[in-house]
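# Working through the structure, step by step
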Amino acid sequence: MIFRFLTLVALCALAANAGAASAASGPLTLWYTKPAHSPINESLPIGAGRIGGLVLGGVEEEQIVLNESSLWSGDANPSGEYDSMGQYEMLGELLIRQPGGGSATGYRRDLDLATGVAHVDYSQGGVTFHREAFVSHPDNVMVVRL
């Protein structure tokens, strides 16, 4: 099952999208002007079910921390006591290295809370880069579009 998930992620990461425009800001959009340095505190979370990820939005290397619900170490916690809660163990990391060189300009990463789609946009060396990532709960797949 995990192999199937990772295979789907890898295949979806290969889909190309040339010349895509930057995502528009809406009232339910979180946006930032630099990549995240910490997966827990600064990344953009995607997924709301069995599969999830944390998008860091790197320039030369995109890092997405992968999560899957079977890796939860706890049980139901009706008491709400933090000490008796479980935790998620990381499934792995998806690293996507992109060609480039020099500094990036016009950097923006965002998460549209209405759609659950994370975007990363920037220009580097005369090329405009656009990435999207989301999780489809009904299809049990994470999609990364380059």
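Because the structure is a prediction, the values reported are computed rather than measured. (Residues numbered from 1 in each chain as written. Predicted model: local features only at pLDDT ≥ 70, side-chain atom pairs only at ≥ 80, totals over all residues. Heavy atoms only, no water.)

The side chains of a regular strand alternate between both faces of the sheet. Across the two faces of strand E5 (residues 92-97) the burial differs, with Gly92, Leu94 and Ile96 buried and Glu93, Leu95 and Arg97 not buried at all. In terms of strand pairing, strand E4 (residues 61-68) meets E5 through six bridges, oriented antiparallel. Looking at E5, one finds that Val65 is bridged to Glu93. (Buried < 20%, exposed > 50% of the residue type's maximum accessible area, 1.4 Å probe, protein only. Helix = DSSP H or I, 4+ residues; strand = E, 2+ residues; numbered from the N terminus. Pairing = 2+ DSSP bridges.)

Residues shown with low pLDDT carry predicted positions that ought not to be read at fine detail. Averaged over all residues, the pLDDT of the protein chain equals 82, while 83% of them reach at least 70. Note that residues 1-23 has pLDDT below 50 and, in this model, 35 contacts with residues that lie over four places away or in other chains. (pLDDT = per-residue confidence, 0-100. Contact = heavy atoms within 4.5 Å.)

This part takes up the sheet that holds strand E2 (residues 44-46). A sheet is described by the order of its strands in space; here four strands give the open sequence E2-E3-E4-E5, paired in antiparallel fashion. Two strands bound the open sheet, and with one partner strand each, they are E2 and E5. Ignoring which end each strand starts from, the neighbouring axes of this sheet average 25 degrees apart. As paired strands, strand E3 (residues 51-55) and E4 are joined by five bridges and run antiparallel to one another. Looking at the pairing, Gly53 lines up with Leu66 of E4. (Axes fitted to C-alpha atoms, helices over the stretch in contact; angles between N-to-C directions.)

Grouped together as the largest cluster of nonpolar side chains are 14 residues, with contacts concentrated most on Ile46, Val55, Ile64 and Met142. Those elements that provide at least two residues to this core are E2, E3, E4, E5, strand E8 (127-136) and strand E9 (141-145). Those residues in contact with Val55, other than ones at most four positions away along the chain, are Ser43, Leu44, Ile46, Glu62, Gln63, Ile64, Arg109, Ala118 and Ala133. Residues Val59, Tyr107, Tyr122 and Phe129 belong to the second largest nonpolar core, which totals five residues. (Core = buried A, V, L, I, M, F, W, Y, C linked by side-chain atoms within 4.5 Å.)

Let us look at the pattern of salt bridges. Going through the model one piece at a time under the given rule, you end up with five salt bridges. For Glu68, the salt bridge goes to Arg50, with nearest N and O atoms at 2.7 Å. Residue Glu68 is found in strand E4, and its partner Arg50 is found in the loop between E2 and E3; the two are separated by 18 residues along the sequence. A residue is classified by how much of its surface remains accessible, and Glu68, at 2% relative accessible area, is buried. One salt bridge in this structure joins Arg108 and Asp110, with 2.9 Å as the shortest N-O distance. Each member of the pair, Arg108 as well as Asp110, carries the same accessibility label: buried. (Salt bridge = Lys/Arg side-chain N within 4 Å of Asp/Glu carboxyl O.)

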